[in-house]
Every structure is written in structure tokens, then in C-alpha cells.
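# Report on the structure
Next come the chains, spelled out residue by residue.
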Amino acid sequence: MNTHLVRSSEPYPLLIIGAGPAGLAAAHMAARDGFRVALIEAHLLGGLALNYGSVPTQALIRTSRLYAEMRDAQLYGAQAPAPVEVDFARAMSRMRRIRARLCRFNTKDRITADGIDLFFGKARFSSEDTVDVDGTRLRFRKALIATGSRSLLPRIPGLDDAGFLTNETVFDLTTLPKSLLVIGGGPVGCELAQAFCRFGARTIIVHAEPLFLPMEERDAAQLLTQALAHDGIEIHLNTRVVNVQTAGGKKIVEIVNDGNVATIEVDEILTGIGRVPAILGLNLKAAGVAYQPDSGVQVDDFLRTTNPRIFAAGDAGLKHRFIDTAEASALIAVHNALHRGRRRLSSLTIPWCTYTDPEIAHVGMYVREARERGIPVKTFTVPMHDVVRAIVDGEENGFVKIHVREGTDTILGATVVARHAGEMINGLSLAMVAGIGLSTMARVIHAYPTQAQAIKKAAQAYVKTRKSRWYETIFRRWFDR
Ligand SMILES: Cc1cc2nc3c(=O)[nH]c(=O)nc-3n(C[C@H](O)[C@H](O)[C@H](O)COP(=O)(O)OP(=O)(O)OC[C@H]3O[C@@H](n4cnc5c(N)ncnc54)[C@H](O)[C@@H]3O)c2cc1C
């Protein structure tokens, strides 16, 4: 039921569908700029990130990491309290407490106190400038589609009948499944598989590709495979789940690898094979908005859809599906929609991170992308086992790899695999946004000892190549005289 009466029959200067990171950022910005805003949410304020995404995932990862450290206590010269009993219910209730605490940042009262008209219900376009929400028709001058994404569900015979978990249901568990089969080795599958394994579930991961995280560089994905195997996860790469049955309260999963069929018996199945934009039911045709079911709402670089009144931001229309990107794209869309701005999505530098242990973070171009565009690349790599802080912390698994345009110190992209790669990548993003090259980074004094010194070492490696080139030129000139 809607909590607000429509205050005026005047069209809203901005109507936003979806109150996830994108919708909320857009609504607050537009309201601060003095515009009347309608914000429509079908389910929970805060969207995916807060309720079924990074917040609950990170909370579980934190507790599971602690159990892993207790397991490995001897490596740190410590004695683990024996036996280490996992209290899964307590970990889950900590996660829910954290989620509830963070929900307080986006309550109905806080949103409406900012002058935003909040409507609860499923929005559906009825024309090019109207939206219906539970029987209320709202008119708009500009609209923003920020409906996010939903889990892509695998079509596997027997899976629906056997039952399975997704990120929308896994956080409701109160008891740890004795065994868990994870379908999909993308970020969500790998993060949750590692967490559940560390809680003590027998965990199996089945991934159709030859390496986890297909987007990432091969050596990063290989290190992750080793780390997951070290944790005790049973890994099946190049493998497909082809059938699921139930027997005696167990799920019997049939897998195929290179023509060989095997069966695995588990208590639960979790799917994490990817996400698709949540645009079904919006009636985009009536609004004159073009879309594709898998890539979402079609937008140009200014985030305009094919209807000039309507914009889209976040997972609903972007290739990069991350929280900060959702917010940043929403701010671009609001600026362009309400202030006749010309800000471009392509101006954003977008870093991301998979929060496994070690974490895998990336920003900018991959080498393959640079090659595709004909850009000559030189790469500087520093293994974490050359970094004092990583050695002291017993966190040597990983590397920093920085790609520059050959012959220059301009950073094109970087991959960091390290315990705290998500923190380390931010320095590289900052450098890229500010146009700071490796020569300057080599001069920046880093606090000692920190793992981010790996970045400085890579920058120093670059400077050495410049110096040796300089000496080469001088010697050549000398001998040529
Ligand atoms: C398990 C998991 C972990 C993740 N971890 C990370 C991470 O660590 N870091 C990171 O950057 N990203 C992470 N992500 C991705 C991140 O959550 C999304 O990129 C982000 O939430 C997108 O924000 P959004 O506002 O576009 O959409 P959403 O957060 O999906 O919000 C969209 C909102 O729109 C509402 N809505 C949909 N349709 C309608 C309708 N017709 N009418 C009204 N309302 C509607 C939905 O109910 C929802 O509240 C993770 C995702 C998952 C699944």
C-alpha cells in the first residue's frame, strides 16, 4: 500500500523506479537539487546490495575468515582453541544484525524527510510519460529505471523439484547444510563457496568454464583455484550439472566432464550462474524503451534510453554490475536528465573486487582488451612474496600487476590478487582518474610496512626500465662519437 498521496496532479520532474543503490542515490541528489521526486520500490529499500548482496555476503565472509584463521593458527605461531566449534546460527544472526543496522540509513522516514515521495508497489509503464503503481497513476517529465538485476536460474532437469538456494534465499538459512554444491564459479559462487567451506560444510563447486572468474586474468583465476582447493573445496571445472534428483532427503546431482558422468549426493544446492536485468513486467514497450532480456535497458553514453524522457542506471542497463557504479551512473543520469548535462558513462573508471581469500581486484583494461584495440602494453608484476608486510602477515599468495601503454607511464589497467586487494585497487583507480603515472607513484612515500608497497615496487620497476633506456641512449651516443 502506498504511504503517500500524490501531492499534485502536476507531473513529477523525476520519477524513479527501484530503491537500490542507484535509485536511492538518484532520489537524494534530485531532492537536494530542489526537484519533486517520486521513488517507487516493489520490495525492500536498499535493494539487492543491502538485503541479498554484498552486505550479508561480507558479514559471512568475515566470520568464516576468522574460522579459517583459527584453523591455520599454527602457521601464525599460535595455538587454536581445540576443538574449534562452528556456531553457524550465531554467524547468521550477526549478519542479520549488521543488515538491520545498515537498513537504518535508508528508512521510509529518512527518505520522506528529504522531501521524496515514496511509493511501495510494482511499477509498470502505462505510456511514454506515465507509470502505474498499485492502481495509482503517476505522470513524469523525466524517469529513471533503476530496477537492478535478478538471479539467472539454470535450466537443469529436476532442479526445481529438488529445490535450490540463490542469493535471495541462502541468507535465510539457520542451520549449516552438511554438504553444499555450488553451481557457478563467478564472484558470487566463489565467495559463498569459500565461506560455507570454512564454516565446515563439505563444499563442491561445479563450473562450466576451464577457470573461475572468466573475466579475470588467467594467473589470477589460477591462484584462486589453488586457494579454494587449499580450503578443501572439491572443484569441478569444465563440468556441467545435467540432472538433479532426490532420494532419502538428499539431492543427487549428475555432472558431466568431458563426456564422463558422475553423481554427487548433497544436502543443498546453491546457484550463482549470473544475473540478468530485472526489467520483466515494466511494460517497456508502452514507454517506447528498447531493451534486450540479457543486457537490459538499452542506453547511450549519456544513459538515455530510446525514450528521451527516460534514463536508466545501475544493473538494469549497465554491463558493470557493482554498487558504486550503480550510484555513479545514477548521478550521471540525474545530472543529464534534470540539468541538461552531458556527462558520459564512459568517463567512469570502474574498479571491482571478488572478496575471496585472496581477494581479486581489477581496474581498467585487461591486456587482451588493449591488444584488441591495438594499444601496445607493458606489464609490471610484483609477487606478494616479495613484499615485507605480506611475508610478515603470512599472506604471500598473490601479486600486483600494472599495465601501462608501452613507452609511457600511463596506467591502462591493473589486477591485484592479495588478502586486501579490494583496498589496494583504490590507489590505482585514484591514479588512473587523476592521470598519475607510474613515475610519480614510484616517488610516493608509502607507510611501511604495508601490502600496498607492492604497487610502489611495480612503479619502481617501471622507473628502472626508463633509467636503463636512458643509460643505453647515453652509451650509444658516446660510442657513436
Ligand atoms: C550475492 C551478491 C554479492 C554482491 N557483492 C557485491 C560487492 O561486494 N560489491 C559490489 O560492488 N557489488 C556487489 N554485488 C552487485 C550489487 O549488489 C549490484 O550491482 C547493485 O545492488 C545494483 O544496484 P541497483 O540499484 O542497480 O539495483 P538493485 O540493488 O537490484 O535495486 C533495484 C531495486 O529495484 C526494485 N525493483 C525492481 N523492479 C521494480 C519495479 N517494477 N517496481 C518497483 N521497484 C522495482 C527492487 O526491488 C530493488 O530494490 C553483489 C551482488 C550479489 C547478488
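Residues numbered from 1 in each chain as written. Predicted model: local features only at pLDDT ≥ 70, side-chain atom pairs only at ≥ 80, totals over all residues. Heavy atoms only, no water.

### Thoughts on the overall build of the protein
Counting its secondary structure elements, the protein contains 15 helices and 24 strands. Taken against the 2.2 N^0.38 rule, which gives 23 Å for 481 residues, the C-alpha radius of gyration of the protein at 25 Å falls within 12% of a compact globule. In terms of its C-alpha atoms, the protein occupies a principal-axis envelope of roughly 80 × 70 × 45 Å. Considering the protein as a whole, with its 481 residues, one finds that 48% of them fall into the buried category. Residue pairs in contact within the protein that sit at least 24 positions apart in sequence constitute 63% of those at least 6 positions apart. Surface summary for the protein: the accessible area is close to 23400 Å², and the carbon and sulfur share equals 52%. Treating the 58 positive side-chain charges of the protein as one cloud and the 49 negative ones as another, the clouds have centres 6 Å apart. (Helix = DSSP H or I, 4+ residues; strand = E, 2+ residues; numbered from the N terminus. Rg over C-alpha atoms; globule rule 2.2 N^0.38 Å. Buried < 20%, exposed > 50% of the residue type's maximum accessible area, 1.4 Å probe, protein only. Contact = heavy atoms within 4.5 Å. Areas by Shrake-Rupley, 256 points an atom, 1.4 Å probe, with all protein chains shown as cover. Lys, Arg positive; Asp, Glu negative; His and termini not counted. Charge placed at Lys NZ, Arg CZ, Asp CG, Glu CD.)

### So, the domain arrangement of the protein
Domain parsing of the protein yields domain 1 (14-151 + 276-346), domain 2 (159-274) and domain 3 (358-480). For domain 1 and domain 3, the distance between their C-alpha centroids amounts to 33 Å. (Domains from an automatic or database assignment.)

### Observations concerning the sheet that holds strand 9 (residues 179-183)
If you trace the four strands from one edge of the open sheet to the other, you get 11-10-9-15, paired in parallel fashion. Both outer strands of the open sheet, strand 11 (234-236) and strand 15 (268-271), are each paired with one neighbouring strand and no more. Neighbour-to-neighbour, the strand axes of this sheet turn through a mean angle of 20 degrees, independent of strand direction. As defined by bridge partners, strand 10 (residues 202-206) adjoins strand 11 across three bridges and the pair is classed as parallel. Bridge pairing in strand 11 links Ile-204 to Glu-234. Contacts from helix 7 (residues 187-199) reach strand 9, strand 10 and strand 15, with the element oriented near 165 degrees to strand 10. (Pairing = 2+ DSSP bridges. Axes fitted to C-alpha atoms, helices over the stretch in contact; angles between N-to-C directions.)

### A word on the pairing of strand 5 (residues 130-133)
As judged from the three bridges shared by strand 4 (residues 123-125) and strand 5, these two strands associate in the antiparallel manner. Within strand 5, the residue paired with Arg-124 across the bridge is Asp-132. Pairing geometry for strand 5 and strand 6 (residues 136-139), over four bridges, is antiparallel. Bridging across to strand 6, Asp-132 finds its partner in Arg-137. The loop that links strand 5 with its antiparallel partner strand 6 comprises two residues; one of these, Asp-134, has a positive phi angle of about 45 degrees.

### Topic: the packing of helix 1 (residues 21-32) against helix 10 (residues 323-338)
Running from N to C, helix 1 and helix 10 point in directions that differ by 40 degrees, and their axes come no closer than 8 Å. On the basis of their axis angle, the class for helix 1 and helix 10 is oblique. Handedness of the crossing formed by helix 1 with helix 10: right-handed. Here Pro-21, Ala-22, Ala-25, Ala-26, Met-29 and Ala-30 of helix 1 lie close against helix 10, whose contacting residues are Ile-323, Ala-326, Glu-327, Ala-330, Leu-331, Val-334, His-335 and Leu-338. Class assignment for the residues of the contact of helix 1 with helix 10 results in twelve nonpolar, one polar and one charged. (Parallel < 35°, antiparallel > 145°, perpendicular 65-115°, else oblique. Left-handed = near helix turned anticlockwise from the far one by under 90°. Nonpolar A, V, L, I, M, F, W, Y, C, P; charged D, E, K, R; others polar.)

### Description of the site of the ligand
Around the ligand, 37 residues are found, and the nearest of them are Ala-22, Glu-41, Leu-48, Asp-315 and Ile-323. Between the ligand and Ala-42 there is a distance of 3.0 Å, counted from a nitrogen atom to a backbone nitrogen or oxygen. Against a free-state accessible area of 1000 Å², the protein chains account for coverage of 90% of the ligand. Put simply, the parts of the chain that give the shell around the ligand at least two residues each are helix 1, strand 2 (37-41), helix 2 (47-52), helix 3 (54-71) and helix 10. When residues in the shell around the ligand are grouped by element, the largest group, four residues, is from helix 2. Tallied by class, the residues present in the shell around the ligand amount to 18 nonpolar, 14 polar and five charged. (Near = heavy atom within 4 Å. Polar contact = N/O pair within 3.5 Å; in protein donor to acceptor, adjacent residues only side chain to side chain.)

### Notes on unusual backbone geometry
At the junction of Asp-357 and Pro-358, the peptide bond is cis and its omega measures out at 5 degrees in the coordinates. With an omega of -5 degrees, the peptide bond running from Tyr-448 to Pro-449 counts as cis. With respect to the helices and strands, Pro-449 occurs in the loop between helix 14 (438-443) and helix 15 (453-480). Positive phi values are uncommon outside glycine, yet Asn-238 reaches one of about 55 degrees. Along the chain, Asn-238 turns up in the loop between strand 11 and strand 12 (239-247). The exposure class of Asn-238 is partly exposed, given its relative accessible area of 44%. Residues other than glycine seldom take positive phi values, yet Leu-303 does so here, at roughly 70 degrees. Inspection of the secondary structure puts Leu-303 in the loop between strand 18 (296-297) and strand 19 (310-312). A residue is classified by how much of its surface remains accessible, and Leu-303, at 0% relative accessible area, is buried.

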